Amino acid sequence: MKERFRRFMQGRYGLDQLYVGMLVLYFILLFFSRWFMPELMTGLMTVVILLAVFRMFSKNIVVRQKENAVYLRVINRIKHTVKKLVQKIKDLPTKRYRTCPNCGVTLRLPRKRGRHKATCPKCQASFEVKIRF
Ligand SMILES: [Zn+2]
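Everything numeric here is computed off the predicted structure, so don't read it as measured data. (Residues numbered from 1 in each chain as written. Predicted model: local features only at pLDDT ≥ 70, side-chain atom pairs only at ≥ 80, totals over all residues. Heavy atoms only, no water.)

**Q** Before we move on, could you go through unusual backbone geometry and cite the residues and values that matter?
**A** Excluding glycine, residues mostly carry a negative phi; peptide bonds, for their part, are mostly trans. Unlike most non-glycine residues, M37 shows phi in positive territory, near 40 degrees. Here M37 falls in the partly exposed class, since its relative accessible area comes to 41%. Phi at Q124 takes a positive value of approximately 65 degrees, unusual for a residue other than glycine. On the secondary structure map, Q124 appears in the loop between β3 (114-119) and β4 (126-131). (Buried < 20%, exposed > 50% of the residue type's maximum accessible area, 1.4 Å probe, protein only. Helix = DSSP H or I, 4+ residues; strand = E, 2+ residues; numbered from the N terminus.)

**Q** Account for the nonpolar core, with residues named and values stated.
**A** Counting 10 residues, the largest nonpolar core consists of M9, L18, Y19, M22, L29, M41, M45, V48, A52 and M56. Residue assignment for this core shows that the elements contributing at least two residues are α2 (17-32) and α3 (38-57). The element best represented in this core is α3, accounting for five residues. Setting aside chain neighbours within four positions, we find M45 in contact with Y26, L29, L30 and S33. Listed in part, the seven residues of the second largest apolar core include C100, C120, F127 and V129. (Core = buried A, V, L, I, M, F, W, Y, C linked by side-chain atoms within 4.5 Å. Contact = heavy atoms within 4.5 Å.)

**Q** Explain the domain arrangement of the chain to me, and be specific about the residues and the numbers.
**A** Interface size is often expressed as the accessible area that is lost when the parts come together. Each domain of the chain was delimited in the assignment, giving domain 1 (1-91) and domain 2 (93-133). Computed from C-alpha coordinates alone, the two centres of domain 1 and domain 2 are separated by 41 Å. Contacts between the two partners involve five residues from domain 1 and, on the opposite side, six residues from domain 2. In this assembly, domain 1 packs against domain 2 so that about 400 Å² is buried in total across both faces, 47% of it on carbon and sulfur atoms. Taking the shortest distance from any N to any O, the salt bridge between D91 and R108 comes out at 2.6 Å. Looking at the side of domain 1 that touches domain 2 residue by residue, the class counts come to one nonpolar, one polar and three charged. (Domains from an automatic or database assignment. Buried area = accessible area lost by both parts, 1.4 Å probe. Salt bridge = Lys/Arg side-chain N within 4 Å of Asp/Glu carboxyl O. Nonpolar A, V, L, I, M, F, W, Y, C, P; charged D, E, K, R; others polar.)

**Q** Talk me through the packing of aromatic side chains; I want residue IDs and the actual numbers.
**A** According to the stated counting rule, one finds four aromatic pairs in the structure shown. An angle of 90 degrees between the planes, with centres 5.4 Å apart, marks the rings of Y26 and F27 as edge-to-face. The exposed category is assigned to F27, whose relative accessible area is 53%. Between F31 and F32, the aromatic rings sit 5.3 Å apart at their centres with planes inclined by 85 degrees, giving edge-to-face as the arrangement. Given the relative accessible area of 48%, F31 is considered partly exposed. Judged by its relative accessible area of 42%, F32 falls in the partly exposed class. Ring-pair connections join several aromatic residues into one group, and the members of that group are F31, F32 and W35. Positioned above the aromatic ring of W35, the side-chain terminus of R34 is 5.9 Å from the ring centre. The ring of Y97 carries K88 above its face, with NZ or CZ at 5.1 Å from the centroid. (Phe/Tyr/Trp six-rings, centres within 6.5 Å; stacked < 30°, edge-to-face > 60°. Lys NZ or Arg CZ within 6 Å of the ring centre and 35° of its normal.)

**Q** Please set out a nonpolar patch on the surface residue by residue, giving values where relevant.
**A** Among the surface-exposed residues, V20, V24, I28, F31, F32, W35, F36, M37, L40 and L44 lie close enough to one another that they form a single nonpolar patch of about 1,000 Å² accessible area. Counting residues per element, the ones that place at least two in the nonpolar patch are α2 and α3. For the nonpolar patch, the element with the most residues is α2, which contributes five residues. With respect to the secondary-structure elements, F31 resides in helix α2. (Patch = residues over 30% accessible without salt bridge, like charges linked within 9 Å, V, L, I, M, F, W, Y side chains within 5 Å. Areas by Shrake-Rupley, 256 points an atom, 1.4 Å probe, with all protein chains shown as cover.)

Spelled out as structure tokens, the structure:
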């Protein structure tokens, strides 16, 4: 039986990060379907699970790998944004963030009230920053 399954899966795509992401999405939809538009959620869940199974047994490996790469790029961008947001919240008592007017890079400055002169480490431009609180 195990050998038959192994032979059946030969040349097929199998599992990847997008598959796991689709399962997570499935359970998120399942969770919200109890309170929010259950018919629509059930329909979406069916589409998600069918797509996940289709991808797993697909023999078009190149296309499945491209889909997974796009998924990973999007997920990594979201992770990066969330990480920066968490860092900004953690820094709230001691740091302030300002954008360099010359090159647009974000500077992490010590929280000192008043007007100060800041120098951008990237483009060396000096500019005035005002920190109110
Ligand atoms: Zn700059």
